[in-house]
Amino acid sequence: MTGRLYGVGLGPGDPELVTVKTARLIGEADVIAYHAARHGRSIARSIALPYLREGQVEELLLYPLTTETTGHPGGYQGALDDFYADCAERLAAHLDAGRTVVVLSEGDPLFYGSYMHLHKRLAHRYPTEVVPGVTSVSAASAVLGRPLVERDEVLTVLPGTLPAPALAERLRDTDSAAVLKLGRTFEKVRDALAEAGRLDDAWYVERATMGAERVAPLKDVDPDGVPYFSLALLASPAERTFVPERPAPEGRGEVAVVGLGPAGRPWLTPEAQEALAAATDLVGYGPYVDRVAPNPRQRRHRTDNRVEAERARHALELARGGARVAVVSSGDPGVFAMASAVLEAAADFPDVPVRVVPGLTAAQAVAARAGAPLGHDYCVLSLSDLLKPWEVVAGRLTAAARADLVLAIYNPASRSRTWQVAAARDLLLEHRAPGTPVVIGRDVGGPEESVTVTTLGELDPDRVDMRCLLIVGSSTTRVTEGGTVYTPRRYP
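What counts as what
Sequence order as written defines residue numbering, which begins from 1 separately in each chain. At least 70 in pLDDT is required for a residue's local features to be given in this predicted model, at least 80 for side-chain atom pairs to be given and counted, and no such filter applies to totals for whole chains, interfaces and linings, which use all residues. Side-chain measures were taken over the full set of non-hydrogen atoms in the model, leaving aside hydrogen atoms and water. Helix numbers and strand numbers start at the N terminus; a helix is a DSSP run of H or I with at least 4 residues, a strand a run of E with at least 2. Note that the radius of gyration is over C-alpha atoms, with the globule rule given as 2.2 Å times the number of residues to the power 0.38. Residue exposure (1.4 Å probe, protein chains only): buried if accessible area is under 20% of the type maximum, exposed if over 50%, otherwise partly exposed. Residue contacts are defined here by distance: any two heavy atoms, one from each residue, within 4.5 Å place the two residues in contact. For the charge count, each Lys or Arg is scored as positive and each Asp or Glu as negative, with His and the chain ends excluded. Working definition for charges: the position is that of NZ of Lys, CZ of Arg, CG of Asp or CD of Glu. At least two DSSP bridges between two strands are required for those strands to pair. Only C-alpha atoms enter the line fits that serve as axes; for helices the fit covers just the stretch in contact. Angles between N-to-C directions range over 0 to 180 degrees. Counting of polar contacts relies on pairs of N or O atoms within 3.5 Å, with two restrictions inside protein: one atom must be capable of donating a hydrogen and the other of accepting it, and residues adjacent in sequence are counted only when both atoms are side-chain atoms. Stacked, tilted and edge-to-face are the three classes assigned to paired rings of Phe, Tyr and Trp, where Trp is represented by its six-membered ring and a pair needs centres within 6.5 Å; plane angles under 30 degrees give stacked, over 60 edge-to-face, the rest tilted. Buriedness of a pocket was judged along seven lines, with at least five required to meet protein on both sides within 12 Å; pockets are open sets of points on a 1 Å grid over the protein atoms alone, cavities are sets where a 1.4 Å probe fits but cannot get out, and lining residues have an atom within 4 Å of a point. Grid points are joined across faces, edges and corners, and a volume is the space filled by probe spheres set on the points. Residue type decides the class: Asp, Glu, Lys and Arg count as charged, Ala, Val, Leu, Ile, Met, Phe, Trp, Tyr, Cys and Pro as nonpolar, and the leftover types, Gly among them, as polar.

Participant: So what's going on with the overall build of the protein? Which residues, and what values?
Facilitator: Within the protein one finds 14 helices and 23 strands. Relative to a compact globule of 492 residues, whose C-alpha radius of gyration would be 23 Å, the protein shows 36 Å and is clearly more extended. If you line up the protein on its principal axes, its C-alpha atoms span 110 × 65 × 40 Å. Residues counted as buried form 45% of the 492 residues belonging to the protein. When contacts within the protein are restricted to residue pairs at least 6 apart in sequence, long-range pairs at least 24 apart make up 69% of them. Treating the 53 positive side-chain charges of the protein as one cloud and the 62 negative ones as another, the clouds have centres 2 Å apart.

Structure below.
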């Protein structure tokens, strides 16, 4: 088994700009390789230092020359070719022994990086992976706080080693540009920028994100002492175009009545998420408002559950003042929830737009957990007699039972209403067999979720509280041996 070769980008200099993957690979490597000039100091190693561990083998790849002359028969390029061939064989010895080798590169390994010379000699022989890094161009743009390109603009990256006429021509014909490898080429690059008519727009960035970082208009920079780790940047022409703050237009406010689903973010629709994100104000029953993640930009108006009309008017008044209001409801806002209250109050606010954003209902959630008990005709009703007389509730229960509809029953009980479940069961038993399947869904989607399958005859009212929803089957509803409840689509 041979080892694996990694060429990893360390970013422009700040160790915190090393990617999570690169940091992990450095810490796991058997061998760490890095280049350095004749002095032996490696910027790459200094960036990677926080991620190195004791016991790792370090391979220092020392350049035989930088800019000086050489007596090598192949000249400068021949000397470097021999150097890279030697480095490749040194790393190959580790790879042949099954060791993991990580080669460190400032910036990105394949963006003017020395690693690419090893890659070309080893990647076809060993398993290899290249991990990208933040380039010096991106770092320079970031420290300047100026965009590189926008929309259809063109960015040109140039080495300062190009001939001056070629530099001037390319700088003249591009929107944005980065010129790397300054150092000894600085004066030539400055003259090319002037020739192209771009000198006044050019910025000089030295050692971006490092401790010795320096930023200045390029025309003001003294050529003496310009290091190799610097670049010239022509930012996007659009960087000088600042958009003035636009006052909010009159009538911008609106009310969105948003269904949160039965519980938790996974039950929230993308449309509901968008409405919540755009809101300036959240209005609703306290526990429902608390289900929306806090955002300090938004104002939160928590109210009691028994003040629906006041809550609706408050939301509309906020919207009339320009606020984007999300009135939140559990489940679907149009099912025993706030949509009706808001629309009723909206008659007095004809200038305020109101929209309803649907949500997954509790009946749908409980039905899905149980199987498919709502697979045929069904009705939805509330046992609460706070907003309608019990006689109306009883009459509708009887009518649904006679019609052989599956029933999804909301609000079956509360702290103050403890007798309705037993009364509803007795009414239904006048028209349904005692063996009719009943599903009790409690806190579905929440941390205390439970789903119980029983029968109408054995339904125990004491097991039902305000957090429950009941589904009472029809004459065709079935329960499988595994406990799955379903109602066939065909009716006999």
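Participant: So what about the sheet that holds strand 10 (residues 230-234)? Which residues, and what values?
Facilitator: As a general point, the strands of a sheet are linked pairwise by backbone hydrogen bonds and lie either parallel or antiparallel. The strand order across the open sheet formed by five strands is 6-7-10-8-9, and the pairing between neighbours is mixed. Each edge of the sheet is formed by a strand with only one pairing partner; in this case those strands are strand 6 (155-159) and strand 9 (214-217). Taken pair by pair, the neighbouring strands of this sheet meet at an average axis angle of 20 degrees, ignoring direction. One ladder, built from five bridges, connects strand 6 with strand 7 (residues 176-180); its direction is parallel. In the strand pairing of strand 7, Thr156 is matched with Ala177. Set on the sheet, helix 5 (residues 136-144) makes contact with strand 7, strand 8 (203-206), strand 9 and strand 10; between it and strand 10 the angle comes to about 65 degrees. Sitting on the sheet, helix 6 (residues 164-172) touches strand 6, strand 7 and strand 10, and the angle it makes with strand 6 is about 170 degrees.

Participant: Mind laying out the side chain of His301, listing which residues take part and the relevant values?
Facilitator: Structurally, the position occupied by His301 is in strand 13 (residues 299-303). Classification of His301 as buried rests on a relative accessible area of 18%. For His301, the side chain forms a polar contact with the side chain of Asp281, separated by 2.8 Å. What His301 contacts, discounting residues up to four positions off in sequence, is Asp281, Leu282, Val283, Gly284, Val289, His314 and Leu318.

Participant: Give a detailed account of the packing of aromatic side chains, specifying residues and quantitative values.
Facilitator: In the structure shown here, the tally under the stated rule is eight aromatic pairs. Geometrically, the ring pair formed by Phe186 and Tyr204 is edge-to-face, given 6.0 Å between the ring centres and 90 degrees between the ring planes. One end of the pair, Phe186, is in helix 7 (residues 186-195); the other, Tyr204, is in strand 8, with 18 residues separating them in the sequence. Each of the two residues, Phe186 as well as Tyr204, counts as buried. The structure contains a cluster of three or more aromatic residues connected by ring pairs, namely Tyr63, Phe83 and Tyr84.

Participant: Any details on the layout of surface pockets? Residues and values, ideally.
Facilitator: Empty space among the atoms can be located by rolling a probe the size of a water molecule over them. Volume-wise, the second largest pocket comes out at about 1700 Å³. Along the walls of the second largest pocket sit 50 residues, with Tyr63, Glu106, Ser114, Tyr228 and Phe229 positioned nearest its centre. Looking at the lining of the second largest pocket, the elements with two or more residues in it are strand 2 (31-36), helix 2 (43-48), helix 3 (75-96), strand 4 (101-105), helix 4 (115-122), helix 5 and strand 10. It is helix 3 that contributes the most residues to the lining of the second largest pocket, four residues altogether. A per-class count over the lining of the second largest pocket returns 26 nonpolar, 18 polar and six charged.

So yeah, pure geometry; function would need other evidence.
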